[in-house]
Amino acid sequence: MSQIKKKILIIGAGFGGLQVIKSLANNSSFEITVVDKKNHHLFQPLLYQVATAVLSPADIAIPSRSITTKFKNVKILLGDVTEIDFKNRTVKFQNNSESYDYLVLATGARTSYFGNNTWKEKTLGLKNLKDALAIRRRILLSFEQAELIGNYEKAKSFMHYVIIGGGPTGVELAGSIAELSHNIIRKDFRNIDSGMTKVTLIEAGPRLLTAFNEKSSQFTKEKLESRGVEVLTNSPVLDITDTGVVLKDRTIESKTVIWAAGVEGSELAKNLPINKDKANRIIVDEYCRTSEFPEVFVIGDAANYSSGLTRPLPGVSPVAMQQGRYVAKVIETIEKKKSISPFHYFDKGNMATIGRTDAVAEFGKIRLKGILGWLGWLFVHLVYQVGFKNKVSTLLSWVWSYLTFRAGSRLIQEEMDELSIRP
């Protein structure tokens, strides 16, 4: 008599979802179905390098099917989940439906504007490849527009980039845009000097990188300023208009405003009838389960895990990966009718790159900065890259950029009428 396999349905093939898949791959007790609205696994920590034309999308993304080819018990479906029927344990998407015995929500997060949703139309976020390519297009087009105008005073709003949010994403974008404009493309134009580009990083709080040690934050600020980045702390944004950003003491004119200030739960999570926090992250217990439905697990950015903690776990890839492996183990343990232990996160530290040869990295009491921090950052990111080809191509792209001060992915995929915009 053949064994009846338990159905595990995973929504999202990001860092967390992928770890569940790998941990249960080829386990004959389970039939795994993955539903994702993207056909690729994305290495999000390097999105900013796609946005600033250092890497191409293929360097940081790999087709999900190629990861799971050898996993005979894994089926991948491309679809956008529209409804979850918790009572009947069914998920609906693209006019299809799948049933489950266990459901794992790994839907990630989206950009949050803290209730100021009109700002969404006036800024660019950075959560996926589409966002990264939109930022890259805007940056490269802005230089082309400035070159056509040919006069810095008339074109300066095109050559002023504002990043809102002093976390790792904001810091990395600010440093990379400054490097691109002040060094990499400076010899490419004739009518303008891209070295006159201004980059402003705005943080509402008292310092950058609040998850890091204060000395690391100060080092980051100094290094950014040495690269020509204007850093404004204690500067909450009052408004964002078509022409720029309004602060308490000034208005900054800019055609390119990038929002890196906050995230919230996905649209799917927002609409589910289960307990959530103010950021629409689903609140889970010490086993990463929802209180309403014990067969439903939530991991990564979609989850608010705060059991026994003073604040919820951060939305970073190590949290999602550890939760993914844990949930896989919990499901196996439940099926064996054994007791389960609560989830415990092992903090592997924080990292952020500031620019070429400069980064900050903290691993417990070990704090690295400058070139040592950058080498640590480089090593960790290559280790966690998915797919050997991606590691090799990414490393080659970085080495080329490092040695030659060139960015090899400066293609504008737009129509010519984009250049008709004038200040």
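Scroll up for the structure.
Let us look at the structure shown here. Quick caveat, the model's predicted, so the values are computed rather than measured. (Residues numbered from 1 in each chain as written. Predicted model: local features only at pLDDT ≥ 70, side-chain atom pairs only at ≥ 80, totals over all residues. Heavy atoms only, no water.)

## Considering a nonpolar patch on the surface
Turning to step 1, where the next piece is worked out: Residues I371, L372 and L375 make up a contiguous nonpolar surface patch of about 270 Å² in total accessible area.
Turning to step 2, where the next piece is worked out: Residue placement: L375 occurs in helix α11 (residues 371–384).
Turning to step 3, where the next piece is worked out: On the accessibility criterion, L375 (43% relative accessible area) is partly exposed. (Patch = residues over 30% accessible without salt bridge, like charges linked within 9 Å, V, L, I, M, F, W, Y side chains within 5 Å. Areas by Shrake-Rupley, 256 points an atom, 1.4 Å probe, with all protein chains shown as cover. Salt bridge = Lys/Arg side-chain N within 4 Å of Asp/Glu carboxyl O. Helix = DSSP H or I, 4+ residues; strand = E, 2+ residues; numbered from the N terminus. Buried < 20%, exposed > 50% of the residue type's maximum accessible area, 1.4 Å probe, protein only.)

## So, the sheet that holds strand β8 (residues 96–99)
Turning to step 1, where the next piece is worked out: Here we have 3 strands laid out as an open sheet, ordered β6-β7-β8, and antiparallel in their pairing. Edge positions in the sheet fall to β6 (81–85) and β8, since each of these pairs with one other strand and no more. The sheet shows a mean angle of 20 degrees between the axes of neighbouring strands, taken without regard to direction.
Turning to step 2, where the next piece is worked out: Sheet analysis places β6 next to strand β7 (residues 90–93), joined by 4 bridges and oriented antiparallel. (Pairing = 2+ DSSP bridges. Axes fitted to C-alpha atoms, helices over the stretch in contact; angles between N-to-C directions.)

## Observations concerning the packing of aromatic side chains
Turning to step 1, where the next piece is worked out: Tallied over the full model, the rule gives 9 aromatic pairs.
Turning to step 2, where the next piece is worked out: A ring pair is formed by F143 and Y161, whose centres lie 5.8 Å apart and whose planes are at 45 degrees; its orientation type is tilted. Here F143 is found in helix α5 (residues 129–149), whereas its partner Y161 is found in strand β11 (residues 160–164), with 18 residues between them in sequence.
Turning to step 3, where the next piece is worked out: Taken together, the ring pairs connect Y113, F114, W119 and W259 into an aromatic cluster. (Phe/Tyr/Trp six-rings, centres within 6.5 Å; stacked < 30°, edge-to-face > 60°.)

Don't take any of this as a statement about function, it's just geometry.
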